[in-house]
Amino acid sequence: MDMNLFFFGVYPYIAGTVFLLGSLLRFDREQYLWRSESSQLLRTGTLRWGSNLFHVGIIGLFFGHLFGLLTPLAVFEALGLTPHDKQIVAMATGGTLGLLILIGLVLLIARRLGEPRLRATTRPMDWVTLFWILATLLLGLSTIAVSAQHTNGREMLLLMSWAKSIVTFQGGAAAGYIATASPIFKVHIVFGLTLFLLFPFTRLVHVWSGIGTVAYLARPWQLVRTRR
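These numbers come from a predicted model, not from an experiment.

## So, the side chain of T202
Considering the arrangement of structural elements, one finds T202 in the loop between α9 (183-198) and α10 (206-212). Looking at T202, its side chain comes within polar contact range of the main-chain oxygen of F199, at 3.0 Å. Within polar-contact distance, the side chain of T202 engages the backbone nitrogen of L204 at 3.1 Å. In this view, T202 contacts R26, M125 and T129; residues no more than four positions away in its chain are not counted.

And the structure:
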């Protein structure tokens, strides 16, 4: 099989399947390990700054990618944004959020490396997760320099076409769209997809719990009566 077709036409579905089914199986079999395993009791230090910067940045970046890649181009045109304008906005917001994540992630990694008790409680998969996110982030930030060399939006349009083809289950067409894209974008995408592949086997599963808390907004009122 052609490597381009595998990584950009087949691999997204492999990663997505493992992400969903793996999360479901882990929740079913290992509910006691379904947690972020906070280390705040061991050492606070830079945890608050690092954690807040990391989470604000990564939530913003996730939804930025989601809506930026999947929103029809006609919507942006209706808002008066040309492909050039959209690319400039994406570079600015992505770069800002990426820097927030980078600062937060470096603080969190330094905190774990600098505290013996934290190092002792950090599992190998925790290190894999931290440094994989760091590598994916650095690759993403490096794409800004590549994008700045051609702000006509061509590369962005290719990535949008690829993402839309993936979610509409047109893997073959998706691989074709991205075939001529810059290598740095391709490597960034593969690293990002692999993060979804690793997700069920790491502490990242606590993200599902965060999403689940939204259900409390629609929960019926709980009536509490005194014994009297």
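Having put the structure on the table, let's press on.
## As for the nonpolar core
Core analysis: the largest hydrophobic core is formed by 18 residues, its most contacted members being F54, I101, L105, I109, L130, I133 and F199. Going through the elements one at a time, α2 (47-70), α4 (83-114) and α6 (124-147) are the ones with two or more residues in this core. Counting residues per element, this core draws most heavily on α6, which supplies six residues. With 15 residues, the next largest nonpolar core counts W162, A163, I189 and V190 among its residues.

## Re the pattern of salt bridges
All told, the structure shown has three salt bridges when counted by the stated rule. We note a salt bridge from R203 to D126, for which the minimum N-O separation is 2.8 Å. On the criterion of sequence distance, the pair formed by R203 in the loop between α9 and α10 and D126 in helix α6 is long-range, its members being 77 residues apart. Overall, R203 belongs to the buried group, its relative accessible area being 15%. With a shortest N-O distance of 4.0 Å, R154 and E155 are connected by a salt bridge. Using a relative accessible area of 42% as the deciding quantity, one classes R154 as partly exposed. According to the relative accessible area criterion, E155 is buried, its value standing at 6%.

## Points about the packing of α2 against α4
Packed helix pairs are specified by the crossing angle of their axes together with the interaxial distance, meaning the distance between the axes. α4 packs onto α2 with a crossing angle of 150° between their chain directions and a minimal axis gap of 7 Å. Regarding the angle of α2 to α4, the classification is roughly antiparallel. Every pair of crossing elements has a handedness; the one defined by α2 and α4 is left-handed. Touching L47, W49, G50, S51, L53, F54, V56, G57, I58, G60, L61 and G68 of α2 are K86, G94, L97, L100, I101, I103, G104, L105, L107, L108 and R111, all from α4. Of the residues belonging to the contact of α2 with α4, the class tally is 14 nonpolar, seven polar and two charged.

## Here's the deal with the confidence of the model for the protein
Per-residue confidence for the protein gives a mean pLDDT of 88, with 88% of residues at or over 70. Per-element confidence in the protein ranges from a low mean pLDDT of 75 for α10 to a high of 96 for α9.

Conventions and cut-offs
- Residues numbered from 1 in each chain as written.
- Predicted model: local features only at pLDDT ≥ 70, side-chain atom pairs only at ≥ 80, totals over all residues.
- Heavy atoms only, no water.
- Helix = DSSP H or I, 4+ residues; strand = E, 2+ residues; numbered from the N terminus.
- Polar contact = N/O pair within 3.5 Å; in protein donor to acceptor, adjacent residues only side chain to side chain.
- Contact = heavy atoms within 4.5 Å.
- Core = buried A, V, L, I, M, F, W, Y, C linked by side-chain atoms within 4.5 Å.
- Buried < 20%, exposed > 50% of the residue type's maximum accessible area, 1.4 Å probe, protein only.
- Salt bridge = Lys/Arg side-chain N within 4 Å of Asp/Glu carboxyl O.
- Axes fitted to C-alpha atoms, helices over the stretch in contact; angles between N-to-C directions.
- Parallel < 35°, antiparallel > 145°, perpendicular 65-115°, else oblique.
- Left-handed = near helix turned anticlockwise from the far one by under 90°.
- Nonpolar A, V, L, I, M, F, W, Y, C, P; charged D, E, K, R; others polar.
- pLDDT = per-residue confidence, 0-100.

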